Every structure is written in C-alpha cells, then in structure tokens.
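# Coordinates in review
What follows is the residue order along each chain.
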Amino acid sequence: MEIIVIMFAAAAAVLIGVHVARHRRWQRAALRLGLRFDQGGFLGKPLIAGTMDGFKVLVTLVPAARAGAHEYPHRSHDTLVRITFPSPLQADVHFSPARSREGTKAAVGLRVIATGEDAFDDVVLSRGRSEVGVRRFLTRTRRRALVRFFGECRGPRYIDANVIVSQERDCLREEAIVAAVRDLTQVARCLVHSREEAAPERTDPDPEGAAAAETPAPAPAATVREPAAEETAPAAAPEEAVSAAAPEAAEPACAALFDPKLSTYDTRRVFERDYRGKEIAWQGTLAAVERSSYDPELGEESGIKATFEIGVIASALGDSERVQAAVRFAPEEAAALESRRGARVTFRGTLAGVDGVSRTVYVGDGRLSG
C-alpha cells in the first residue's frame, strides 16, 4: 500500500512540475511581448492576452487537431494563436491553405475566387462574396504576405475579415510563442495598412475593376546597403586610428539574420547559434537616444538606449526595410550621444538579442569609438 502511495505522490509531483515549468515559459513569453499572463488556476491551461500594435492577441491551449493527434498519439494539446483586427477588413474575405478544408465553417456563404496568379492560388485558397472586392483587396504586398504565411503552414490556420487564427502543433515554448505572435502581428499589419495597387484583374467583367498588368517583381535577395550618412563622424585621435580605421561591417550579420527566407523563429535560432555574445564594432547613423531602465532583450540595468540605423535589406514582401541596432550605453554617455544625433558613428558592444519583426539587433555594453 505504501508503495502505491509513493508512486502516486511521485507521479503527482512530476505532473505539477511540468505544469509549473510550462507556466513559467508562457509567463516569460508574455513579459517579452508586453501582454498579460493568466495561469488558469491550479493545473489549468495557461493563457496570454492583451493588445499589441492595436491588435487584440490571444494565446491559449486547445485539444490537438485530429490529424495531428493521429500522427502524434501522445500529443493532447496544441497552441492556438489568434489576432483580432481593430475593425473588419475592407472586403468580406476568407483565406486558408490551398487544398485544405481548414476554416470551411467560417467561410459559409463565400465562394472560391481564383486570382489567376498560379504562384498565389497554388498556396492560398481565397473566398469572398465579391470577386471584384477580393481582387482589389489582394494588393501585391498582401499576396506575398499571404503566400509566406500559408506556405509556412505547420497546422490549421485561416484568416477572415475579423481574425487571424493559427493552431500550432504541441504546446509552444517561450521562443516559439514570441515568434508566432510577432509573425501573425506582422501579417495583420500588412493586411490592415497595405495600400499598393491591387492585383491585375484581366478576367474581371467589371470595367472599373480592370487594371494594367503589373510586371512581376524579382524574388527578394538578402542584399544590404548602407543608409546615406548625414554627417561625417569626427576623426579618431592618432592613438585610436588603428582600431577605429576599419570597423567590422554590420552587413554580413544583417544579411544572415534577416534573410527573407527565414521566419522570425529561424532568425532567433541563427542569432543564438552564431551571434549571441559576439563582440562587434559597427557603424550606423545615430537616430534616437532615450533613457531606459528595462528592455526584454537588454535586461533590467538602467542606462541609455541609442538606436542606430545600420543598413537596409530587401524584405520577403519585396520592399525595403531598415535594419537598426538598439545599443545600451552607461548613463554617463548621454551627453556624448546627444551631441552626435544624426551623425555616422562607430560603436562597440556585445550582441545580446534580435527581433526579426522590427529588424532590430540588440547590443549590450555599448561604447563609442572615436
């Protein structure tokens, strides 16, 4: 009898330990995202909720999808990530992976609409009430964002006029939760704010829907160019000339970390593997200086956070995005930094973190050079 009691107590202790560890991981993810964490009561399901960039965010656990549960019989829960738009999208639309039945219930009453672009229609199944409305909504930037979102599909996911829903396999850990929420928020921003010309409507019978054929954009390449300097940094003193003459270029790191083919989760993995803790000497245009007492990537140490523009890189959506470095300096560097706003500056420090969504590299122990 005692043995049975001991075995039962041991099993209970293991179960409690697993739940506590899971809750801690989700709590850290919520902190990094600036969202609220709810552990759901004793041994309950964790929940992350709040608002990010104007979008409502919900992360919780749901029963595993049937197909996934069949493939992974020991998996009982998946992680559901839902992003809600502030107001419905301008068209009554519904998107899901091509050749799937995901989101069919949510798309009742909507008909399948082909855009005529094979690279898009082979990946994304579009539904809507108005063919003209859906085609006008699908700008080139939005089409690219949707292809990337559904092309990387690892579980059930869909988008309608109100929400983006993604059911990720298994109970996600801290890094994967942060990456998933940031990825979905980036897609949401694109769907809400993108305003380029719509897709060509060669077969649209509505004369107002006709548009000139657009030239397909070349595939984005992970090339980086430096932003133009607005002011030349002061010359280094003679004794510093050797160390400051040829600072290490930031471009190789930018190209490797923010390759358009990488998800933000992959960006984090590359950073952890190849860059964290590396000492660097980079150049950038000093864009902002602010006091900082806490940063999810740089920690709780008080100091000055300076933002440098270190390059420009082609994104997966075909446009250009600035790459920046957020550098933590000691408080006594405030005056020196303020005096060099807008100038091209060489700075040194230790690589501490990365954010694939905002294209930011975080650097600790910052020091000015020259």
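To keep things clear, this report deals only with the structure shown in the data block.

Definitions and limits used
- Residues numbered from 1 in each chain as written.
- Predicted model: local features only at pLDDT ≥ 70, side-chain atom pairs only at ≥ 80, totals over all residues.
- Heavy atoms only, no water.
- Core = buried A, V, L, I, M, F, W, Y, C linked by side-chain atoms within 4.5 Å.
- Buried < 20%, exposed > 50% of the residue type's maximum accessible area, 1.4 Å probe, protein only.
- Helix = DSSP H or I, 4+ residues; strand = E, 2+ residues; numbered from the N terminus.
- Contact = heavy atoms within 4.5 Å.
- Pairing = 2+ DSSP bridges.
- Axes fitted to C-alpha atoms, helices over the stretch in contact; angles between N-to-C directions.
- Parallel < 35°, antiparallel > 145°, perpendicular 65-115°, else oblique.
- Nonpolar A, V, L, I, M, F, W, Y, C, P; charged D, E, K, R; others polar.
- Polar contact = N/O pair within 3.5 Å; in protein donor to acceptor, adjacent residues only side chain to side chain.
- Salt bridge = Lys/Arg side-chain N within 4 Å of Asp/Glu carboxyl O.
- Expected span 1.5 Å × (residues − 1).

Glancing now at the nonpolar core. Counting residues in hydrophobic clusters, the biggest one holds 41 residues, and the most contacted among them are Phe95, Leu146, Ile159, Ile164, Ile177 and Leu191. Secondary-structure elements contributing two or more residues to this core are helix 1 (2-33), strand 2 (47-52), strand 3 (55-63), strand 4 (77-84), strand 5 (93-97), helix 4 (131-137), helix 5 (140-151) and helix 6 (174-193). Among the elements that line this core, the one with the most residues is helix 6, at 9 residues. In this structure, Ile177 is in contact with Trp26, Ala29, Leu33, Ile48, Val59 and Leu172, ignoring residues within four places of it in sequence. Within the second largest apolar cluster, 30 residues are counted, among which are Cys254, Leu257, Ile280 and Leu337.

This brings us to the pairing of strand 4. With 8 bridges joining them, strand 3 and strand 4 adopt antiparallel strand pairing. Across the sheet, Leu61 pairs through a bridge with Thr79, a residue of strand 4. Bridge count between strand 4 and strand 9 (residues 163-168): 6 bridges; the pairing is antiparallel. Among the inter-strand pairings, Leu80 is bridged to a residue of strand 9, identified as Gln167.

Let us now look at the packing of helix 6 against helix 9 (residues 264-274). Running from N to C, helix 6 and helix 9 point in directions that differ by 135 degrees, and their axes come no closer than 8 Å. By the angle between their directions, the pair helix 6 and helix 9 is classed as oblique. Mapping the contact onto sequence places Glu175, Ala176, Ala179, Arg182 and Asp183 in helix 6 and Thr264, Tyr265 and Arg268 in helix 9. Looking at side-chain class alone, the contact of helix 6 with helix 9 contains 3 nonpolar, 1 polar and 4 charged residues.

On to the environment of Glu338, then. For Glu338, the position within the fold is in helix 10 (residues 334-338). Residue class for Glu338 comes out partly exposed when judged on its relative accessible area of 39%. Sequence separation between Glu338 and Leu286 is 52 residues, and the spatial gap between their C-alpha atoms is 9.1 Å.

Moving on, we get to the side chain of Thr267. Relative to the helices and strands, Thr267 is located in helix 9. Only 2.8 Å separates the side chain of Thr267 from the backbone oxygen of Leu257, close enough to count as a polar contact. Sequence-distant contacts of Thr267, defined by excluding residues within four places in its chain, comprise Leu257, Phe258, Leu262, Val354 and Gly356.

The subject of this paragraph is the pattern of salt bridges. Taken as a whole and judged by the stated rule, the model has 14 salt bridges. A salt bridge links Glu174 to Arg28; its shortest N-O distance comes to 2.8 Å. With Glu174 in helix 6 and Arg28 in helix 1, the pair connects residues that are 146 residues apart, well separated along the chain. Of the charged contacts, one joins Glu131 and Arg135 as a salt bridge, the two residues approaching to 3.3 Å between their closest N and O atoms. Placement of both Glu131 and Arg135 in helix 4 is noted, with a separation of 4 residues, approximately one turn of the helix. Classification of Glu131 by relative accessible area gives partly exposed; the value is 23%. Shared partners join several salt bridges into a network, and the residues in it are Arg28, Arg32, Glu174, Glu175 and Arg268.

It is worth spelling out helix 6 at this point. Spanning 20 residues, helix 6 covers 28 Å between terminal C-alpha atoms, matching the ideal 28 Å at 1.5 Å per step. For helix 6, the buried fraction is high: 16 of the 20 residues fall into the buried class.

This part covers the sheet that holds strand 4. With antiparallel pairing, 9 strands are arranged side by side in an open sheet as 1-2-3-4-9-8-5-7-6. Two strands close off the open sheet at either side, each with one partner strand: strand 1 (36-38) and strand 6 (111-112). With 3 bridges connecting them, strand 1 and strand 2 associate as antiparallel partners. Looking at strand 2, one finds that Arg36 is bridged to Ala49.

Its location among the elements puts Ser293 in the loop between strand 11 (279-292) and strand 12 (303-314). With relative accessibility at 51%, the residue Ser293 sits in the exposed group. The spatial distance from the C-alpha of Ser293 to the C-alpha of Lys305 is 9.2 Å, given a sequence separation of 12 residues. When residues no more than four places from it in sequence are discounted, the contact partners of Ser293 are Gly299, Glu300, Glu301 and Ser302.

Positive phi, normally seen in glycine, also occurs at Asp170, with a value near 70 degrees. With respect to the helices, strands and loops of the structure, Asp170 is situated in the loop between strand 9 and helix 6. A positive phi angle, near 55 degrees, is found at Asp365, a position not held by glycine. Topologically, Asp365 is positioned in strand 15 (residues 360-369).

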